[in-house]
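One-letter residues, chain by chain:
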Amino acid sequence: MIKTKTSRRGVVATNGDAVSSKWSAVNAGYYQDDFLRWFIRYDVSEFVGSAALSATGPGAGNGRGSSGISVPTARRSPLMNRGTYTRVFAIQNAAEKFLESCHEHKTPCQVVSLGAGHDTLYFRLCQAGKFVPGDRYIEMDLSEVITEKTSIISKNHDLSQYADIVHPTNDLQQQQQQQAEADATLRQYTLLAGDMNNIEELRQVLTANLDASKPALFITELALIYLTAQASDRVISLISELFPYAFWLNLEQVQPNDAFGKVMIRNLEARECALLGIDAYPTTKAQQARFVNLGFAKSYCYTLLEEYERWTDKEQKVKQQKMEFMDEFEEWQLIMTHYCIVYAAKFDGSAASSAAFAFSDLVTRYLELCKCK
């Protein structure tokens, strides 16, 4: 049965939920994100004593951020914080492995985040020095989300130093230098408005802004699931058609038919952001097969519980337990098995033999770095 209670407004609102959850995990100490603060307005009293709020932090002194979206910023439970950390780590880790693989093969590459929202992955990768000349990072989302994000970036130097924003100045030489830096950065970071439900619009946006001859990693983090299965399949098929050297990283919910899954679905329907695609691909096995059936030669799928265990060593677990004590392990396992992440890759064997051979090596290296077996 297809869940139908959804709206554009409800789906857009999930962006605020993601920012709020990530902010809670950052403040609890699970990971560092020096950029997320600019995308929210919050009440400092909710985070008294947090290392993330220094004297130079946003809203210092008046308790309000100067930009961003209004979202609930109350601390999440240790279970939720640890789950958010796993989600963020999985996406960033895979993106870094992709960049590393391409750089090892001396290949400029593209990272494309579809339904990116106010995610800060691009800025974190920049800060960590993960890009080389020729790399590009493209984000696409609905027009209202992109407009707001562009505005936020333009108002904050912490963000705009990595983006194509020129700050006003009366110094002509400084202005020319800023413009030159912006022109160079523009080739690296691009924000695009587009709706994945409109497949022809998506085709035009992708063909106009991406280079099909370069490997591209497409990231859909809780994005495809809000489309019908038919619509999301068209998106995957389109990218398989347009890009001979494509990777995909997809994170979304599974297991809709057990007791927890039914509650999860009802809660999201009540907020008008129904999981329209979950019935067609309800298991990790179905998720893995989906990408193979739609043109990807390699596909691996793990629950987020498996992802956490694959990458989190004993020392990290002890540190997290000391940071925030958690004893709801049955609930942890239940929630984390209702989310999965897919690693998929394809290459066109009909292309020039040397290029196909080189890209085959790149795919092998990427999947090796991602521990996909």
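The sections below set out a description of the structure shown in this document. (Residues numbered from 1 in each chain as written. Predicted model: local features only at pLDDT ≥ 70, side-chain atom pairs only at ≥ 80, totals over all residues. Heavy atoms only, no water.)

**Quick look at helix α8 (residues 229-242)**
Counted at 1.5 Å a residue, the expected span for α8 with its 14 residues is 20 Å, and the 20 Å between its end C-alpha atoms agrees. Within α8, ten of the 14 residues are buried, leaving the element largely enclosed by the surrounding structure. Inspection of α8 places Ala229, Ala231, Ser232, Asp233, Val235, Ile236, Leu238, Ile239, Ser240 and Leu242 among the buried residues, and these make up the whole buried set. Against the buried residues of α8 lie β3 (110-114), α7 (199-209), β6 (216-221), β7 (245-253), α10 (284-293) and β9 (339-347). (Helix = DSSP H or I, 4+ residues; strand = E, 2+ residues; numbered from the N terminus. Expected span 1.5 Å × (residues − 1). Buried < 20%, exposed > 50% of the residue type's maximum accessible area, 1.4 Å probe, protein only. Contact = heavy atoms within 4.5 Å.)

**Describing the layout of surface pockets**
In this structure, the second largest pocket encloses a volume near 280 Å³. The set of elements that each furnish at least two residues to the lining of the second largest pocket consists of α2 (78-104) and α3 (121-127). Per-element tally for the lining of the second largest pocket: the top contributor is α2, with six residues. (1 Å grid on protein atoms, 1.4 Å probe; cavity = no way out; pocket = protein on both sides within 12 Å on 5 of 7 lines; lining within 4 Å. Points joined across faces, edges and corners; volume = space filled by probe spheres on them.)

**Side note on the pattern of salt bridges**
The tally for this structure, following the rule as stated, stands at 18 salt bridges. One salt bridge in this structure joins Arg290 and Asp233, with 3.4 Å as the shortest N-O distance. Within this pair, whereas Arg290 is found in helix α10, its partner Asp233 is found in helix α8, the two being separated by 57 residues in sequence. In this structure Arg290 comes out as buried when scored by relative accessible area, which is 3%. What makes Asp233 buried here is its relative accessible area of 18%. Two residues, Arg365 and Glu368, come together in a salt bridge whose shortest N-O distance is 2.4 Å. (Salt bridge = Lys/Arg side-chain N within 4 Å of Asp/Glu carboxyl O.)

**Re unusual backbone geometry**
With a phi angle near 55°, Lys106 is a residue other than glycine that sits in the positive phi range. Considering the arrangement of structural elements, one finds Lys106 in the loop between α2 and β3. Its relative accessible area of 75% is what places Lys106 among the exposed residues. Although it is not a glycine, Lys371 adopts a positive phi angle of roughly 60°.

**As for the nonpolar core**
Counting 63 residues, the largest nonpolar core has Phe98, Phe247, Tyr343 and Tyr366 as its most contacted members. With ten residues, the top contributor of residues to this core is α2. Sequence-distant contacts of Phe98, defined by excluding residues within four places in its chain, comprise Cys109, Gln110, Val111, Pro215, Ala216, Leu217, Phe247 and Tyr366. (Core = buried A, V, L, I, M, F, W, Y, C linked by side-chain atoms within 4.5 Å.)

**Notes on the pairing of strand β8 (residues 298-303)**
The buried count for β8 comes to five of six residues, which makes it a mostly enclosed element. Note that β8 and β9 share six bridges and pair antiparallel. Its bridge partner lying in β9, Lys298 is registered against Ala345. (Pairing = 2+ DSSP bridges.)

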